[in-house]
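Residues per chain are reported as follows:
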Amino acid sequence: APEEQVQGYLQLIDDLEKWLSNITGYKAISLQPNAGSQGEYAGLLAIDNYHKANKDFERDICLIPESAHGTNPASAQMVGYEVVVIDCDENGDIDMADLEKKAAVHSNKIAAMMITYPSTHGVFEERVKDVCELIHSYGGFIYIDGANFNAMVGMCYPGEFGGDVSHLNLHKTFCIPHGGGGPGVGPIGVAQHLVPYMYPKVSAAKFGSASILPISWMYIRMMGGDGLRKASEV
């Protein structure tokens, strides 16, 4: 639609980007991806764009725990990365010894590690900061899958405990009806250093499924910070 006819939407989009940035601890948000899986792809593209812009063409390894959602390895392969699986221990946590060993083997070839927090097993990794610091020490980035962000809203911030990029599912965490083949929204949030690399085109529309964003705007506006935190606690 002509820009002069969508001023209300642009204000709503601007609000939503700012609110989601505050909620996640990330510097910037892109609402373009139409699904969580598309958000993964967009986030990994931002990471890949960063490495290529810095002439780091050898970085083609993506470390992924065996507890991950199946879309993680699929997204990594779509970007052209080789997936290296990291073991989990009997509690469902990332096996740090296995991670340290495999990170050392691949060292300067590591592009990223994709983790889910809390994990698909429902485990809050107690050493999540150690995992992030280890990968960062090798020059790789941390992608935090936002599938379980419901358990974090208002209590912890992926952009502050080590994440470089995450996707959210507005159709899970922010009240848009989910399923039935309807439109979803899987925006990504990125840390400061990835902001210039965030806008690869993954959707035909700049703001994705913009017509359903008012639902998330209203939900956040009515819940407020305290209400969102209470929803997570419940």
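Residues numbered from 1 in each chain as written. Predicted model: local features only at pLDDT ≥ 70, side-chain atom pairs only at ≥ 80, totals over all residues. Heavy atoms only, no water.

1. Thoughts on the nonpolar core
No. 1: In terms of nonpolar packing, the biggest core is built from 42 residues, with Leu20, Leu63, Leu99, Met113 and Phe174 touching the most fellow members.
No. 2: Of all the secondary structure elements, the ones that give two or more residues to this core are helix 1 (7–24), strand 2 (61–65), strand 3 (82–86), helix 4 (96–106), strand 4 (110–116), helix 5 (128–137), strand 5 (141–145) and helix 7 (213–233).
No. 3: In this view, Phe174 contacts Leu20, Ile23, Phe149, Val153, Leu168, Asn169, Ser216, Tyr219 and Ile220; residues no more than four positions away in its chain are not counted.
No. 4: Residues Leu45, Ile47, Val79 and Val190 belong to the second largest nonpolar core, which totals 21 residues. (Core = buried A, V, L, I, M, F, W, Y, C linked by side-chain atoms within 4.5 Å. Buried < 20%, exposed > 50% of the residue type's maximum accessible area, 1.4 Å probe, protein only. Helix = DSSP H or I, 4+ residues; strand = E, 2+ residues; numbered from the N terminus. Contact = heavy atoms within 4.5 Å.)

2. Comments concerning helix 4
No. 1: Of the positions making up helix 4, those classed as buried are Met96, Asp98, Leu99, Ala103 and His106. When helix 4 is viewed along its axis, its buried side chains cluster within an angular range of 155° and face the same direction. In helix 4, the exposed positions angled more than 90 degrees off the buried face are occupied by Ala97, Lys101 and Val105.
No. 2: If you follow the buried residues of helix 4, they end up packed against strand 2, strand 3, strand 4 and helix 5.
No. 3: Of the residues one or two after helix 4, Ser107 is the one with positive phi, at around 20°. (Arc of directions from axis to C-beta.)

3. Some thoughts on the layout of surface pockets
No. 1: The volume enclosed by the largest pocket comes to roughly 240 Å³.
No. 2: Counted by class, the lining of the largest pocket contains eight nonpolar, two polar and two charged residues.
No. 3: Empty space within the second largest pocket amounts to approximately 210 Å³.
No. 4: Lining the second largest pocket are Trp19, Asn22, Ile23, Gly154, Tyr157, Ile220, Arg221, Gly224, Gly225, Leu228 and Arg229.
No. 5: Those elements that place two or more of their residues in the lining of the second largest pocket are helix 1 and helix 7.
No. 6: Ranked by residue count, the leading element in the lining of the second largest pocket is helix 7, at six residues.
No. 7: Its residues assigned to classes, the lining of the second largest pocket shows five nonpolar, four polar and two charged. (1 Å grid on protein atoms, 1.4 Å probe; cavity = no way out; pocket = protein on both sides within 12 Å on 5 of 7 lines; lining within 4 Å. Points joined across faces, edges and corners; volume = space filled by probe spheres on them. Nonpolar A, V, L, I, M, F, W, Y, C, P; charged D, E, K, R; others polar.)

4. With respect to the sheet that holds strand 5
No. 1: Spatially, the seven strands line up as an open sheet ordered 1-7-6-5-4-2-3, and their pairing is mixed. The two strands at the open ends of the sheet, each matched to only one other strand, are strand 1 (28–30) and strand 3. Between one strand and the next, the sheet's axes are offset by a mean angle of 20°, whatever the strand orientation.
No. 2: Across three bridges, the pairing between strand 2 and strand 4 is parallel. Paired with Ile61 across the strands is Ile110, a residue of strand 4. (Pairing = 2+ DSSP bridges. Axes fitted to C-alpha atoms, helices over the stretch in contact; angles between N-to-C directions.)

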